[in-house]
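Here's the letter readout for the chains.
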Amino acid sequence: MAYDDNNIFAKILRGEIPCNKIYEDEFVLSFYDINPQKKIHALVIPKGRYIDLDDFNLNASDQEIVGLMKGITNVSKKLGISSIHGKGYRALANISDHGGQEVPHLHFHLFGGEKVGKMVS
Ligand code: AMP
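What you see is a predicted model; the values in this text were computed from it and never measured.

Enquirer: Help me understand the site of the ligand in this model?
Expert: Looking at the ligand, there are 16 residues lining it, with D33, N94, E102, H107 and H109 nearest. Take N94: an N or O atom from its side chain is 2.8 Å from an oxygen atom of the ligand. One of the side-chain N or O atoms of H107 is found 2.8 Å from an oxygen atom in the ligand. The cavity where the ligand resides is the largest pocket. Within the residue set of the shell around the ligand, elements represented by two or more residues are helix 1 (8-13) and strand 2 (28-32). Of all the elements, helix 1 adds the most residues to the shell around the ligand, at 3 residues. The residue makeup of the shell around the ligand, split by class, is 8 nonpolar, 6 polar and 2 charged.

Shown next, in the form of structure tokens:
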């Protein structure tokens with residue numbers, strides 16, 4: 001499957017659609033999920049054109065991979081939910097069909113601000 005440049009997160013990255021921005025650096029953009037499932041529900045996306053985590057891990061540069069991992073913690077720190085600065089959170093990536101992925105641009109959900117509950121329902 002080829003990357004779809006018309007997916008909603010690609011449009012957000014190009015500035016064609018607004019987002020409620022939390023954090024941005026060279027490698028990632030983070031914004032609040034439009035349909036929050038927990039008290040805090042943030043999304044962290046790489047700036048590169050990657051469909052999902054497997055596409056990313058196979059094709060992104062080491063710098064991009066490190067950038068995304070560190071970006072997640074920069075966001076959790078900024079939101080006050082990191083294990084060091086808060087009470088923790090859940091980072092989750094849905095991957096393709098069986099993973100329930102709806103938007104075909106890699107994203108990590110960060111759920112926090114309250115107990116998140118069971119891992120899979
Ligand atoms: P997934 O099912 O993992 O692909 O999750 C996609 C997520 O993107 C869902 O939680 C949606 O609520 C969220 N979403 C869709 N459109 C937007 C948008 N324009 N701004 C922020 N979040 C969005």
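And the narrative resumes.
Enquirer: I'm lost on the sheet that holds strand 4 (residues 89-92) in this one. Help?
Expert: Two pairing modes exist for strands in a sheet, parallel and antiparallel, and in both the strands are linked by backbone hydrogen bonds. The strand order across the open sheet formed by 5 strands is 1-2-3-5-4, and the pairing between neighbours is antiparallel. Every interior strand has two partners, whereas the edge strands, strand 1 (21-24) and strand 4, have only one. Shown here is a sheet whose adjacent strand axes are inclined to one another by a mean of 20 degrees, direction ignored. With 3 bridges joining them, strand 1 and strand 2 adopt antiparallel strand pairing. Considered in strand 2, the bridge of E24 is made with L29. Each of strand 1, strand 2, strand 3 (40-46), strand 4 and strand 5 (108-112) touches helix 3 (residues 62-79); the most contacted strand, strand 3, lies at about 155 degrees to it.

Rules and cut-offs
- Residues numbered from 1 in each chain as written.
- Predicted model: local features only at pLDDT ≥ 70, side-chain atom pairs only at ≥ 80, totals over all residues.
- Heavy atoms only, no water.
- Near = heavy atom within 4 Å.
- Polar contact = N/O pair within 3.5 Å; in protein donor to acceptor, adjacent residues only side chain to side chain.
- 1 Å grid on protein atoms, 1.4 Å probe; cavity = no way out; pocket = protein on both sides within 12 Å on 5 of 7 lines; lining within 4 Å.
- Sits in = over half its atoms within 2 Å of the grid points.
- Helix = DSSP H or I, 4+ residues; strand = E, 2+ residues; numbered from the N terminus.
- Nonpolar A, V, L, I, M, F, W, Y, C, P; charged D, E, K, R; others polar.
- Pairing = 2+ DSSP bridges.
- Axes fitted to C-alpha atoms, helices over the stretch in contact; angles between N-to-C directions.
- Contact = heavy atoms within 4.5 Å.

Purely spatial values, then, with no claim about function.
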